[in-house]
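Remarks on the overall topology
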Amino acid sequence: MAMVPPRVYGLVDCNNFYVSCERVFDPRLEGVPVGVLSNNDGCFVARSAELKALGVKMGQPLFEVRDLVRQHRVRVLSSNYSLYGDLSARVTDCLRGFTPRLEVYSIDESFLDLSGFEGRDLLAYAAEIRATVRRWTGIPTCVGIAVTKTLAKLANHAAKKTLLDDSGVCDLGGESEREHVLRVVPVEDVWGIGRRSAEKLGMLGVKTAADLRDMEPRRARQMLTVVGERIVYELRGLSCLPLDQAPAPRKTTAVTRSFGTPVTEWEPMREAVAAYATRAGEKLRAEGLAAEALQVFMHTSPFRPGPAYSNAATVELRPATDDTFALIAAATAGARKIWRDGVQFSKAGVILTGLVPVSKVQPDLLAAADRARGARLMAAMDAINSRMGRDTLVPAATIGRAWRMRQESRSPSYTTELDDVPVVRA
Amino acid sequence: METPVPVLMTSCPVVAVEAVVSAGFPSPAADYVEGRIDLAEVLVPHPSATFTLRVAGHSMTRAGIHDGDLAIVDRSLTARHDDVVVAVLDGELVCKRLLIRGRRIYLIPETDDPSYRPTEVTDRSGFEVWGVVTSTVRLHRR
């Protein structure tokens, strides 16, 4: 197993990200239960702490908890991906000021390589990162620090769940803190351990993160493939996952790469972005998921002289899709918007978010995936409509009632549309 | 109120703003000028911390801030006495002059209209300085 030389990783994870984005511009959402729904199937994709406390689960359909929502005056919002995408890009920009080596892991999480910062008080540095992101963008985060990415994830989990204290930051560099956290965190909360793996492990008496760390690596490999073995090593503090090599997260998925040589022409950038979108699509289909939005970003190298540029664009996918052609089209359109001639780009990436089971997505009669079929469909629709009256058959995506209902509770595009900017009373 | 965080100038990546507004005097040396004056750079030194809000109301007219103006709000700046700020007050975003007298905090309107009164911030739990207004933009033609 290839090991990485000793490093220090930080994981910055935004708290209840979509809800926090909504709260930045609507202070009345502060302190009350707030939920954000997926556009297509009406299930919760984000919950405030107050809503979690009411027992509403991630992915739970709205109709199941209607009474609860009414009774507790839960504020239910449609998802607003252009807002979340913009704030996500701002958070990332803010983080890039703290270290040039950064991996955007999902729309609300980034790994920071903090190697070389050991001379300073890492906990204080983490607190400074957290306070600055909160101040600049309005988004609360938690920061976990450790010598491997898996342990940094665990440190972040500890910070979120206030396992050590309520400072919102956690450094697992110390032996006693690490031991305590490993012993209290259940094995299913370890990064990369799915529910099925946790069940298998549980039958062997491996119930906590500490139990997993103490497992024979070869045994872990037999049970959970090389991934499991790697997790055991990572929990022991031996880094096996450098930046940009991470398993896919559950709520969002990202494909990002640094370029070998800077990209200055649109054509190679377009190709790169299309390739990332393709890869992201494969990841989606492997998990049986569809995405509601796609974010594409690109930036210059912090190590090179010359003007710095960093930008991101978010494209909504309506309906949610796992179709590679739709993803490529969205990624290309987004990239085109933020592309600047004459800039030396060192990195680009595609992030898919708002992931929902593909089985729950409302089918679109005009899916671009099958153009030939689409054309036949259009012909048939036109024939029926001409014989039986206009609007007898219309594409599902144009049926106003359902869509308008969902749009009703969507917040404005506060940061990306001039007509939608927040109002301040003078 | 939140603990103020010092501004980190090193944490400032440059982000080009869409629809950059360029302005400049015609110059015979124009051919040698590499770039035009970029108002976005002038008005928005901290792009990732800067937000645009729309002003509604007439309480700040003497400060030159009018109904319908766009307020450019920098959240990376720590609010000081005498800054024009956007503050969260009773669940609403308000634009006022910040007055700090010892431990007392006031939000002061600046208008000849006597119906607007200064507010002393008594309930700090629901109060927060959201950001500092660094400039306003008035569109004279739409």
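Here's what I pulled together on the structure shown here.

About the cut-offs
- Residues numbered from 1 in each chain as written.
- Chains lettered and ligands numbered in written order.
- Predicted model: local features only at pLDDT ≥ 70, side-chain atom pairs only at ≥ 80, totals over all residues.
- Heavy atoms only, no water.
- Buried < 20%, exposed > 50% of the residue type's maximum accessible area, 1.4 Å probe, protein only.
- Helix = DSSP H or I, 4+ residues; strand = E, 2+ residues; numbered from the N terminus.
- Pairing = 2+ DSSP bridges.
- Right-handed = clockwise from strand over helix to strand, strands pointing away.
- Axes fitted to C-alpha atoms, helices over the stretch in contact; angles between N-to-C directions.
- Parallel < 35°, antiparallel > 145°, perpendicular 65-115°, else oblique.
- Left-handed = near helix turned anticlockwise from the far one by under 90°.
- Contact = heavy atoms within 4.5 Å.
- Nonpolar A, V, L, I, M, F, W, Y, C, P; charged D, E, K, R; others polar.
- Core = buried A, V, L, I, M, F, W, Y, C linked by side-chain atoms within 4.5 Å.
- Expected span 1.5 Å × (residues − 1).
- Polar contact = N/O pair within 3.5 Å; in protein donor to acceptor, adjacent residues only side chain to side chain.

Take the pairing of strand β7 (residues 141-146) of chain A next. All names here are of chain A. With respect to burial, β7 is a largely interior element, 6 of its 6 residues being buried. What you see with β7 is no split at all: T141, V143 and I145 on one side and C142, G144 and A146 on the other are buried throughout. Summarising the sheet, strand β1 (residues 9-14) and β7 pair through 6 bridges and their orientation is antiparallel. Residue G10 lies in a different strand from β7, and its bridge partner there is I145. Direction of pairing for β7 relative to strand β8 (residues 169-171): parallel, over a ladder of 3 bridges. Counterpart to I145 in the pairing with β8 is D171. The parallel pair β7 and β8 is bridged by helix α6 (residues 149-160), and the resulting crossover is left-handed.

Residue and element names in this part refer to chain A. It is the contact of helix α4 (residues 81-96) with helix α5 (residues 122-137), at a shortest axis distance of 10 Å, that shows an interaxial angle of 140 degrees. The angle between α4 and α5 places the two elements in the oblique class. Remark: the crossing between α4 and α5 carries right-handed chirality. Where α4 abuts α5, its residues L87, R90, V91, C94 and L95 lie against I129, T132, V133, W136 and T137. Of the residues that constitute the contact of α4 with α5, the class distribution is 7 nonpolar, 2 polar and 1 charged.

As a further point, take the nonpolar core. Membership of the largest hydrophobic core comes to 63 residues, with the highest contact counts inside it found for A:F17, A:Y18 and B:W130. Considering each element in turn, this core owes the most residues, 8 residues, to α4(A). Excluding anything up to four places from it in sequence, B:W130 contacts A:V24, A:F25, A:R135, B:F51, B:L53, B:V73, B:R75, B:V86, B:A87, B:V88 and B:L93. In this structure, A:Y9, A:A210, A:L212 and A:I231 belong to the second largest nonpolar core, which totals 36 residues.

Residue and element names in this part refer to chain A. One open sheet accounts for 5 strands, arranged β5-β6-β1-β7-β8; its pairing is mixed. In this open sheet, the two edge strands, each paired with only one partner strand, are β5 (102-106) and β8. Strand-to-strand twist of the sheet, defined as the mean angle between neighbouring strand axes without regard to direction, takes the value 15 degrees. The sheet contact formed by β5 and strand β6 (residues 109-113) spans 4 bridges and is antiparallel. Bridge pairing links L102 to L112 in β6. Contacts between α6 and the sheet are confined to β1, β5, β6, β7 and β8, with β7 contributing the most and set at about 140 degrees to the helix.

Looking now at α5(A). One turn of the α-helix equals 3.6 residues, which is why residues spaced by three or four share an orientation. Residue and element names in this part refer to chain A. The end-to-end C-alpha separation of α5 is 22 Å, in line with the 22 Å expected for 16 residues at 1.5 Å each. Here α5 has its buried residues at L122, Y125, A126, I129, T132, V133, R135, W136 and T137. Two to three positions downstream of the cap, the backbone nitrogen of L123 sits 3.1 Å from a side-chain oxygen, assigning the N-cap of α5 to D121. Positive backbone phi, approximately 85 degrees, marks G138, located one or two places after α5.

Everything listed here is a matter of coordinates, which is why it stays silent on function.
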